[in-house]
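Notes for the structure review
The chain contents come next:
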Amino acid sequence: MKRTYIYLFIGLALLTADCKKKLIEEPRSILTPAFFSTTQGFQQGLDAAYAGMRLIWGNQDYFTLTVIGTDEFKRGIDGNSDVNVYSSGYTTSSGVINANWRNAYTFINTCCGIVDNAPNVDLPEATKKKMVAEAKFLRANYYFLLVQFFADVTLNKNFQAEPTTSAKRDPIKDVYSFILQDLNDAVQDLPAVAIKDVLPGKVTKAAALHVLAKVYLTKAGSLAKESTDYENAYTTAKALIDAKATYGLELQQDFGKVYEEGNERNSEVIWSVQHTSNLAFNGPNNSGISNFSADNILNHMWVPQYEKQPGMIRSTLYGRPYIRCTPTLWLTNTCFADKTNDTRYKKTFQTVWYANDPATPSTYPKWPNPLPPGAPAGAVSGQFKFKLGDTAIYMPGVDVTNAQIAAARYLMIPPRNYSNALCPAMFKYFDTKRADLNFPSIRPVIAYRLAETYLIAAEAAFFTSRPAEAVNYINKVRERAAYPTGNAAAMDIAAADLSIDFILDERARELCGELMRWLDLVRTGKLIERVKLYNPEAAPNIQPKHVLRPIPQAQLDATVTGDAYNNNLYFPGWN
Amino acid sequence: MKCVTPPRIRHTVRSEFFKQNGIYLLFLFFPILFFTSIADAQADKTIVIKGFITSQAGEPLQGVTVQSKGTTKATVTQADGAFQLQVAPNSTLSVSYVGYISKDIKVGAADQNVSVQLLVNKNEMEQVIVVGYGTRRKSDVTGAIVSISEQSIKDIPPLTSRRPLQGQGAGIDIQKNGGNSKPGATPSILIRGSRSVRAGNDPLIVVDGIPFNGSINDLNQDDVSSVEVLKDASATAIYGSRGANGVILVSTKRGRTGKPVITYSGYAGLVKPLGEYPVMNTAEFYEFKKWALYNGRFTGNNRTYASVDDPKLVSDNFTPQELESVQTGASTDWQDLIYKSGIITNHQLGLTGGSENTQYALSGGYYKETGVYYGQGFQRFSMKASIDQQLGKRVKVGISSLNTFTLTDGEGANPLGQALRASPLVSPYNADGSLLNDFVPGSASQVWNPLANFQVAGASVQNRKRFGTFTTLYADVSILDGLKYRFNAGAEIRSDVYGEFYASKTTNNLGGLSTSQNRTNFRTNYTMENILTYDKTLAKKHKILFTGLFSLQEQESQSNTFRNNTIASDNLQYFNPTYGANLIGDGDYEKWDILSYMGRLNYSYDDRYLLTLTMRVDASSRLAPGNQYNTFPSAAVAWNINKESFMNNAGPITNLRLRASYGRVGNTAISAYQTLGALSSLVYNYGDATTTGVYVSNVPNPLLTWEYTSTVNVGMDFGLFNNRVSGSVEGYKQFTESLLLPQNLPSTSGVPNAIVTNIGKTTNQGFELHLATVNLQGKGRNSFSWTTDLNFFINRGKITSLANGVTKDVANNWFVGKPIGVYYDYVKAGIWQNTAADTALAISMGQTVTGVGSVIGNIKRADLSGPNGKPDNKLDDTYDRTIIGSSQPKWEGGITNRFGFRGFDLTVVAFARWGQMLKSGLQGGGFANTFQATYNNIKTPYWTPLNQNNEYPKPNANNTNTPNNSLLGYFDGSFLKIRTISLGYNVPPATVKRLGGKSVRVYATVEDPFILFSPFVNKYGGLDPEAAGSLNLDTPPNWTLIFGVNISL
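All values derive from a computational prediction rather than experimental measurement. (Residues numbered from 1 in each chain as written. Chains lettered and ligands numbered in written order. Predicted model: local features only at pLDDT ≥ 70, side-chain atom pairs only at ≥ 80, totals over all residues. Heavy atoms only, no water.)

1. Description of the overall build of chain B
The following threshold applies: Secondary structure counts use DSSP, requiring at least four H or I residues in a row for a helix and at least two E residues in a row for a strand, with both numbered from the N terminus. C-alpha atoms define the radius of gyration, and 2.2 Å times the number of residues to the power 0.38 defines the globule rule. When accessible area is computed with a 1.4 Å probe and restricted to protein chains, residues below 20% of their type maximum are described as buried, those above 50% as exposed, and intermediate ones as partly exposed. Every residue pair with non-hydrogen atoms within 4.5 Å of one another is taken to be in contact. Charge convention: Lys and Arg are scored as positive, Asp and Glu as negative, and His as well as the terminal groups of each chain are ignored. Working definition for charges: the position is that of NZ of Lys, CZ of Arg, CG of Asp or CD of Glu.
When its secondary structure is counted, chain B shows 13 helices and 50 strands. Taken over the C-alpha trace, chain B has a radius of gyration of 32 Å; the compact-globule value for 1049 residues is 31 Å, and the two agree within 12%. C-alpha atoms of chain B, sized along the principal axes, occupy 110 × 70 × 65 Å. Burial statistics for chain B: of 1049 residues in total, 59% are counted as buried. Across chain B, contacts joining residues at least 24 apart in sequence account for 70% of those joining residues at least 6 apart. If the 95 positive side-chain charges of chain B are averaged to one point and the 79 negative ones to another, these points end up 7 Å apart.

2. Some details on the interface of chain B and chain A
Heads up, the condition is: Here, a salt bridge means any side-chain nitrogen of Lys or Arg that lies within 4 Å of a carboxyl oxygen of Asp or Glu. By the convention adopted, Pro, Cys, Tyr, Trp, Phe, Met, Ile, Leu, Val and Ala count as nonpolar, Lys, Arg, Asp and Glu as charged, and the other residues, Gly among them, as polar.
Counting residues at the interface gives 87 residues for chain B and 94 residues for chain A. Summed over the shared surface of chain B and chain A, the number is two salt bridges. The salt bridge involving Glu554 of chain B is made with Lys22 of chain A; its shortest N-O contact spans 2.8 Å. By residue class, the composition of the side of chain B that touches chain A is 45 nonpolar, 34 polar and eight charged.

3. Brief notes about the nonpolar core
The condition is simple: As used here, the term nonpolar core means buried Ala, Val, Leu, Ile, Met, Phe, Trp, Tyr and Cys residues forming a set that is joined through side-chain atoms within 4.5 Å.
Counting 168 residues, the largest nonpolar core has Trp57, Phe137, Leu138, Leu146, Ile179 and Trp271 of chain A as the members making the most contacts within it. Tallying contributions element by element places helix α6 (residues 125-150) of chain A first for this core, with 15 residues. Aside from chain neighbours lying at most four places away, what touches Trp271 of chain A is Tyr50, Met53, Trp57, Phe137, Leu138, Gly201, Lys202, Val203, Ala207, Ile446, Ala447 and Tyr448 of chain A. Counting residues in each nonpolar core, the second largest holds 59 residues, with Leu435, Val447, Ile831 and Ala842 of chain B among its members.

4. Observations concerning the sheet that holds strand β5 (residues 92-96) of chain B
Residue and element names in this part refer to chain B. As a reminder of what qualifies: In this analysis, strands are considered paired if DSSP registers two or more bridges between them. Whenever a helix is involved, its axis is fitted only over the stretch in contact; in every case the axis is a line through C-alpha atoms, and angles between N-to-C directions fall within 0 to 180 degrees.
Across the sheet, which stays open at both edges, the four strands sit in the order β3-β2-β5-β6 with antiparallel pairing between neighbours. The sheet is open, and its two borders are formed by β3 (74-76) and β6 (103-106), each paired with just one other strand. Shown here is a sheet whose adjacent strand axes are inclined to one another by a mean of 20°, direction ignored. Note: strand β2 (residues 65-68) against β5, four bridges, orientation antiparallel. Considered in β5, the bridge of Ser68 is made with Leu93.

5. Quick look at helix α9 (residues 229-242) of chain A
Applied cut-off: A helix is expected to span 1.5 Å multiplied by its residue count minus one.
The end-to-end C-alpha distance of α9 of chain A is 20 Å, a good match for the 20 Å that 14 residues give at a rise of 1.5 Å each. Of the residues making up α9 of chain A, those classed as buried are Asp229, Tyr230, Ala233, Tyr234, Thr236, Ala237, Leu240 and Ile241 of chain A.

6. Digging into the packing of aromatic side chains
Applied cut-off: Note on ring pairs: Phe, Tyr and Trp rings are taken, using the six-membered ring of Trp, and paired if centres are within 6.5 Å. Classes follow the plane angle, with under 30 degrees stacked, over 60 edge-to-face and the rest tilted.
On inspection of all chains with the given rule, the structure shows 65 aromatic pairs over all chains. Between Tyr50 of chain A and Tyr684 of chain B, the ring centres sit 6.2 Å apart and the planes meet at 20°, which makes this aromatic pair stacked. Placement of Tyr50 of chain A in helix α3 (residues 39-51) and of Tyr684 of chain B in strand β32 (residues 678-686) is noted, with the two residues assigned to different chains. No difference in accessibility class separates Tyr50 of chain A from Tyr684 of chain B, as the two residues are buried.

7. Describing the packing of helix α14 (residues 450-463) of chain A against helix α15 (residues 467-482) of chain A
All names here are of chain A. Put simply, the rule reads: Angles below 35 degrees are treated as roughly parallel, those above 145 as roughly antiparallel, those between 65 and 115 as roughly perpendicular, and all remaining angles as oblique. Crossings are assigned a handedness: left-handed for a near helix turned anticlockwise from the far helix by less than a right angle, right-handed for a clockwise turn.
At a minimum axis separation of 7 Å, α14 and α15 run at an interaxial angle of 155°. Viewed along their axes, α14 and α15 adopt a mutual orientation that is roughly antiparallel. Our pair here, α14 against α15, has a crossing hand that is left-handed. Here Ala451, Tyr454, Leu455, Ala457, Ala458, Ala461 and Phe462 of α14 come into contact with α15, specifically with Glu469, Ala470, Tyr473, Ile474, Lys476, Val477 and Arg480. Here the contact of α14 with α15 is built from residues that sort into 11 nonpolar, no polar and three charged.

8. So, the pattern of salt bridges
Scanning all chains against the criterion turns up 76 salt bridges over all chains. A salt bridge links Glu260 of chain A to Lys257 of chain A; the shortest N-O distance between them is 3.3 Å. Residue classification places Glu260 of chain A among the partly exposed positions, given a relative accessible area of 33%. Take Lys257 of chain A: its relative accessible area is 34%, and that puts it in the partly exposed class. Put simply, Arg608 of chain B and Glu644 of chain B hold a salt bridge, and the shortest N to O gap is 2.7 Å.

9. Digging into the sheet that holds strand β5 (residues 352-354) of chain A
Residue and element names in this part refer to chain A. An order of β5-β6-β7 is seen for the three strands of this open sheet, with the pairing classed as mixed. Each end of this open sheet is capped by a strand with a single partner; those strands are β5 and β7 (411-412). As paired strands, strand β6 (residues 391-394) and β7 are joined by two bridges and run parallel to one another. Bridge pairing in β7 links Tyr394 to Met412.

10. What about the state of the cysteines?
All names here are of chain A. Applicable threshold: Only a pair of cysteine sulfur atoms within 2.5 Å qualifies as a disulfide here.
Taken as a whole and assessed by the stated rule, the structure comprises zero disulfides over all chains. This cysteine, Cys325, is not joined by any disulfide, and Cys423 carries the nearest cysteine sulfur, 8.3 Å off. Judged by its relative accessible area of 2%, Cys423 is buried.

11. A closer look at unusual backbone geometry
The amide bond that connects Asn369 of chain A to the next residue, Pro370 of chain A, takes the cis arrangement and shows omega of 0°. Tracing the sequence through the fold places Pro370 of chain A in the loop between β5 and β6. Omega for the peptide link from Tyr483 of chain A to Pro484 of chain A comes to -5°, which places this bond in the cis form. A positive phi angle, near 55°, is found at Asn582 of chain B, a position not held by glycine. With respect to the helices and strands, the residue Asn582 of chain B is situated in strand β28 (residues 581-605). The phi torsion at Arg902 of chain B lies on the positive side, around 50°, for a residue other than glycine. Assignment of secondary structure puts Arg902 of chain B in the loop between β44 (891-901) and β45 (904-914).

Purely geometric numbers; function is a separate question.
Here it is as structure tokens:
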């Protein structure tokens, strides 16, 4: 009996023997960096490099840095009061700066991983070559963003899998060389196919050419400029335009079609950053109320507080009033002075809202007693001015008298009464198909389009003393703007009209709000001048250092080995 | 196990000193101690003494020795505490019981009934306590251990399961986690401060010898028989890689030989919020909002409104309905609408008993608590069974099974964010009396009616169901004389299912799509230990005890989460994602193993000189190959001075011993696969082709290892006056190295996530005092007794080294020479005033003074320094932020007073935490103190040109938060709190016996009734400063009143 027990326990003891192999880890729910160098990881890495673009195009941070604080748009009532107006609250710690900086470097590393791992991956050479070219295109874009905002930045040419806590700034010309190398490789290796023949959002040779032209043009206005830059910009842009049929590219006949909802794959689009109605794939933070992450929330940015007016409630059609920015009076009145032949103003701005509140008709405004002089026929004191579905708000775009305002059925707002809460709303990014009225957009964001290629070509032609060509390219864009009601011939300009200011004005008319204005102004050296002229809130604050974004404090704080990260290169304590 | 047939050891009563020195003695700050002089007994005839022996709390004590002094006449008490003894008239009875202070009772000349209460001996050296992998007499222990016996646990009112042991032991710091007072919330437990930033500071919990992975809420307090807290390295070194944060050993009740005893304990009561957070009423908010609009509305660079009373300002920004409220003074108190009284109930039924060879204990319990919000609740069903069986002479086996099922409702329910912000100007109800199920008007379409979540049934559902079974079994085999083998094994299976649903119209979804989430977690954990012990005494004086161990522990867990939205019908809640859209799922799997080898040698010479040597080797799968094995040695010595012959006539000194130890322990909290690095995923689509991309977010670190803590500890245990004054003093210093720290890499490294590396060092040093006094011993049931337990401790932690020799790491908030958990920020220098001097100063400092970004009226920060080490008239993050405080308290302490009189007992527990800085989310950086006035705000005397205070800034409708608002959130966090007051009554034993029972006790307990001192509460409108970490704005703190009864049959 006793012996039986003893054997039993010796048996139990043996159960716990032979345990060495218990110490080997086999992860099942995570992927480790080793996966990244496999064939499957190589493909998924490229998808991540594309997906990283969502953190830029469509994200509020990049919008803030490129749209507001320019001659086109000023701070809306709910826009921030530091970066947007260059106040003393705009510092190295401003979160919007760091978000762009960090995201760019994260996905540069992803792209580097793809480029460096390619030799080890088991895929057909042609496939690999194309994928590497895509990665180089994306890497060039991330670096292009950095170099425009920060000038001299750290240049990582290779994949980094080891942690490092030191960093230095590399000369701006080296960064530009690397970008140009990547883009030239991409131009070389990407297929010259029609854009409609690749998956939506995929990079093509046309996209590489467009960005290459833009990089040359930008470099020409930078500290790294070389005498050949404008020439290269011109020839590259021209090459793309000349071969546009090959890529299936053509300007839309109607400017209004370019940003029409549902028409994001139109013939003018060179490259777009994708979004989808399949919300599980539309952004990791697709909560509907997030201001960050991979969501496209451009649809909210320009929406004014229409819902506070009688007869109006918040709707999916009119959008969620984030009202981060409003157009400057210069943009709506001066730049878009011609609202007859140039149809772009009315195809860019919403100026009419129809009463949409069915629930509380009793709150609709009533005619006073006595009726105001000039009241329309049918107006009766004490009766409703308008009903559901009628015009509730109208912005005629030209001045009207106070008497006319008082006599109108609806809220009439001439330019002098535009406020930072209620003013014309830029609707290029509006989205009426999202699942909930507070949700982000499911529409792709157009990053590059052919009309801009024409304007790049025109600018490069202007700087290389080819006025005829410059006029020709600009007129192509302007004539299209007259369709269908304007006089196309009246839109044409002559060489005498050309100046860099005119080119900037034309870019505003064609491209306003398209996430590039701040960069255009810096490239042309016009930021401070134009902000002082046209952006009254930012004008008193803007300083020379504001042509660069500050190196983020997080970068300065985390660089703990070697030399401190230099933010005194151009403006002490700033960048 | 300690409570299984405790050894019965007679006590020598050392009262000669008092006989010689009279009756009264003053000791420390405690009042006079009373003593009884003892007269000699006469032995002519015999009388019969009957009586009951109980504890101070009235529980009958079984097995107490009652002896007629100077004779051999003696008996022991029965299970109901009763005894009967024939003695000579006027003799003295000596009553003694292990773990209790002995007492002498003088009897008269006739038969009589006596009842005697014994008080717990806090420093009983003969008491056997649980140490790691075995038990030891307290006099043989060389480490620093706080032992809390079953009796002490009973004395502490039962609610302490919510924050067990708080205020009960020196060096044990227990705080509400983030100030969270939800039902079922787990507290934060720190033993001797924090030493780790990243790896966690939670102590290891070991139940019946096996590491326990459940939460403290999975343990039913009624099933616990004793708790030992191991603090120094000598005590914890045998837990090797997991000992650094201290170890809590919990023993559960086992059966005892004797007739079956049935026990019932139950209580019921109320939970109420401590108060409301101070927010503005209608008149205050109206004024505040007008100022915010005046300050924040600009047309170009000109103010939109001429003055704060501009009629246009009012008409533009307030609806007629709101203005009506202003007129009538109608004000909605949203907090009043969302709070209610919670209820709390507990029932526990137990049965224990056994024969010589078999002992059993069975119990079942039910606990329920509902919170101060609707929808919050916690229920626990528990069942425990244990059986111990002797098999022949050499083998004993036993099994114990703890099973709990808990239900937590509304754990994420936090309508406070909405309730504090909702405008007081509007009603939560529509004109027709129905619920306004929409945004609260006047709150910027950001605040949904907080009543919507619970007034609409099923609109907000959060259910967590946890089931856990924890079974341990052992087999003891006596192989040879002194040589024993023990097989100890434990298996734990836990399943946790969480479901969450929010309808569209809730504070969570603000009228958007309905959302649901379903999460399941399943975890298994087993441990197998083989323990060999050899116990031998040589030449009568050399005692040797060797313990050898080999063990394996393995844990495996997996979880899945599914989320979706647009659920077809609200009735479906989270149960079936088929009827929803946009399904997203993720999962997790983890498995780890620890192999351990341990040897321990205890040697003592003549019970006077003691030595303990321990060596443990742990191997962990969570470390990279090559780094998996690590060694944890320790050594300790002790000297029982009172056993020396020169101490035989040492007057009042009953016990005196010195201890010293040194050892190295680890902190194992590296999660599985952490050395391997990781990729993160990011979804994307090419048109309709959807895809999931991956990118490197964490780099591998094969060099990762555990944190190591070396501790030097010296201690002294003492007992005076027959242990009526006893206690211990500890001093220690800990050196923690290879600290796991997340290091933020510069973004240019291309790796977005911080990397975890072993880069830091910290030290902790401290002093601990524990003192237990019997101030008034009392003679019996009808006399007054009073005991006090006092603990006081100081811990000073600091970081001594960071990576690469840097002395400060601002990105991570670490500073060499400073404790973990400092606050680094600007210094608030008041408010920018609208004076010429301040305006000039602001301009010279580059601050904007006009237009919408004007700093006038905003928080002014001090210009502390500059690049040249002097103030440079500029404000920047590099030179003008400094360490403004620390969350580390200067000292902590607890005091428990117990009074007994005529069957009544009163227990008062107070504790204090002093000198720490509190960071409060209520005032600083939170959503309730933005000064934007788009929604309601904490009531503060804000700045206006008419009220130029220097404390609070101006309201500004244009700023989402007033700039530098974090500076409003720092407070002195010191507090002194009454933790518990409990009043009980024990029905006289004779009465109980007549009714056929053994004991009956009724009591009332109030928990957290008062905060006696706290600047945060008294001056700044806070409710309760107790919080581990920042005080989050969540379920408000509450107080509880319960009534209970304990019956033993």
